[in-house]
Amino acid sequence: MTALHLHPDRLLPAEPATRDIARRLYAEVRDLPIISPHGHVPPAWIADDVPFGDPASLLISPDHYVTRLLHANGVALGDLGAGGSPLTPDGARAAWRALCTHWSAFRGTPSRFWMESELADIFGVTVKPSAATADAIYDQVAETLRRPDFRPRALLERFGIAVLATTDDPCDDLAHHAAIRDDDTVATRVLPTFRPDRYLEPGRPGWPALVDALGRAADTDTGDYKGFVAALEDRRRYFVAHGAVSADHSHADAGTAPLEAAAAERIFAAARAGTATPDEATALRRHLLLEMARMSVDDGLVMTLHPGVFRNHHTPTFDRFGADVGCDIPIAMEFTRGLQPLLERYGTAAGFHLVLFTLDETVFSREIAPLAGFYPSVYAGAPWWFLDAPEAIRRYRAAVTETAGFARTSGFIDDTRAFCSIPARHDMSRRLDCGYLAELVVTHRLDEDEALATAQDLVTTNPKAAFKL
């Protein structure tokens, strides 16, 4: 068996003088509270505080970074609990064995960094995953999960998470959030996030039923376009009243374009009847995204954009397991022209915040940094999803900083359903940022006291500012 050892200097620069500075910076930010303003942890976990089940259902099934790579290496998604299908006790152990047997597939990936941190720092595992150690590690983690100090609320406190935002459907009654808010034993701010994507896609199957559901939730007649917009406004107000600070949007592109009122009414009616063309549905969606910006100016919700993903690239996988199991693929993005109508209207509006994320890193220096470097409303979102990896994060800092500086960036976003990976993801970001700042110090572009202040800002000040926390 090979020992699992986490080197204290992992991800820090190799050059000794730079590494020494990075160590000093990291020591000052390592234990700062975690601010997680965008993620996907189910609020029911915190509200109900039910013990986690088995190691596979906690560490494998909800983590599509893990399931997708195992699938690429020949493991069936159904054997990993993909799509929320519960694993039997034997199935959970088999899934864990599959992870450990294919451990070499994760060499060089951020998933390995996170999983090793989870196993060693949280569960006290001292041997590397392998076919030979799979059962022993499984048993150790399973036994640990039975302890009361490993229930969701205890871990929330142990992880030092000060703010945890979830992602929620506009029709959600937010009862779990209300229960958490009213429970004085939960110190973490657990905030809902308004996520209206599927209600803004008139071309999707079942959209008329979604419009009806929205109307029922808002107690508003959504039979016409005016009522539909009023229902969206009502549900946003409901979310604000329950602590929401942001509205999140993820569509195929970042296009925004206004429609005349008559055209919006006509396309809405056609979409309700199922007769809108694909071009009409896209036009209404881009108009509605512009409406979301208008509403953010009015109600104060931060607007975040996560566009540029080909969702459910493999239809048979989606048909069997549903969304978010690993078959989403990034596509090329354009922001400058697409967002011009939005920014023309609201880019300098008082209090409006727009955080731009991308999976196309070619736009960091060409588009996002220049937009964030001019518009007081725009923030350059942290590397997300396929880009929340060490080399991509380093490239992001190099691409964005010289144009937009540090203050116009969002702070790290973990964007995960994998609850136990949250501390490891933030730790990775802190290490990488301290390494980048140390390079600026040794090349005499920053004094060390400035680098320290910036490192602290990236962890605390920036996310609080960008997300109005």
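Provided above is the structure to which this section pertains.
This report concerns the structure included in the present document. (Residues numbered from 1 in each chain as written. Predicted model: local features only at pLDDT ≥ 70, side-chain atom pairs only at ≥ 80, totals over all residues. Heavy atoms only, no water.)

This paragraph deals with the overall build of the protein. When its secondary structure is counted, the protein shows 19 helices and nine strands. The C-alpha atoms of the protein give 23 Å as radius of gyration, which agrees with the globular expectation for 469 residues (23 Å, within 12%). In terms of its C-alpha atoms, the protein occupies a principal-axis envelope of roughly 70 × 60 × 45 Å. Looking at the protein as a whole, 56% of its 469 residues qualify as buried. A fraction of 77% describes how many contacts in the protein between residues 6 or more apart in sequence connect residues 24 or more apart. When the accessible surface of the protein is split by element, carbon and sulfur atoms take 52% of a total near 19,100 Å². Computing the positive centroid from 47 side-chain charges and the negative centroid from 64, the protein places the two 2 Å apart. (Helix = DSSP H or I, 4+ residues; strand = E, 2+ residues; numbered from the N terminus. Rg over C-alpha atoms; globule rule 2.2 N^0.38 Å. Buried < 20%, exposed > 50% of the residue type's maximum accessible area, 1.4 Å probe, protein only. Contact = heavy atoms within 4.5 Å. Areas by Shrake-Rupley, 256 points an atom, 1.4 Å probe, with all protein chains shown as cover. Lys, Arg positive; Asp, Glu negative; His and termini not counted. Charge placed at Lys NZ, Arg CZ, Asp CG, Glu CD.)

In this section: helix α4 (residues 64–72). Of all the positions in α4, only H64, Y65, V66, T67 and L70 are classed as buried. The secondary structure elements touched by the buried residues of α4 are α5 (89–101), α6 (110–122) and α18 (422–442). The backbone nitrogen of Y65 lies 3.1 Å from a side-chain oxygen of the residue at the head of α4, namely D63. Backbone geometry just after α4 places G74 at a positive phi near 100 degrees. (Polar contact = N/O pair within 3.5 Å; in protein donor to acceptor, adjacent residues only side chain to side chain.)

The description of two helices packed together rests on the angle between their axes and the distance between the axes. Closest axis-to-axis distance for the helix α11 (residues 225–241)/helix α12 (residues 261–273) pair is 9 Å, and the angle between their directions is 90 degrees. Viewed along their axes, α11 and α12 adopt a mutual orientation that is roughly perpendicular. Between α11 and α12, the contacting residues are Y225, K226 and F228 on the first element and A264, E265 and F268 on the second. (Axes fitted to C-alpha atoms, helices over the stretch in contact; angles between N-to-C directions. Parallel < 35°, antiparallel > 145°, perpendicular 65-115°, else oblique.)

Taking strand neighbours across the sheet as the criterion, the three strands line up as β1-β2-β3 in an open arrangement whose pairing is parallel. Single-partner strands in this sheet number two, and they are β1 (34–36) and β3 (189–191). In this sheet, adjacent strand axes meet at a mean angle of 10 degrees when their direction is disregarded. Lying over the sheet, α18 contacts β1 and β2 (161–165), oriented at roughly 105 degrees with respect to β1. (Pairing = 2+ DSSP bridges.)

Rolled over the atoms, a probe as big as a water molecule pinpoints where empty space is left. The volume enclosed by the largest pocket comes to roughly 1,300 Å³. Along the wall of the largest pocket there are 40 residues; nearest its centre are D197, R198, R204, S250 and R311. Residue assignment for the lining of the largest pocket shows that the elements contributing at least two residues are α4, α13 (278–299) and β6 (309–310). At four residues, the largest contribution of residues to the lining of the largest pocket is made by α13. Computed from the structure, the second largest pocket encloses a volume of approximately 450 Å³. In terms of lining, the second largest pocket is formed by 20 residues, of which the most central are R30, D121, P423, A424 and D427. No other element matches the six residues that α18 contributes to the lining of the second largest pocket. (1 Å grid on protein atoms, 1.4 Å probe; cavity = no way out; pocket = protein on both sides within 12 Å on 5 of 7 lines; lining within 4 Å. Points joined across faces, edges and corners; volume = space filled by probe spheres on them.)

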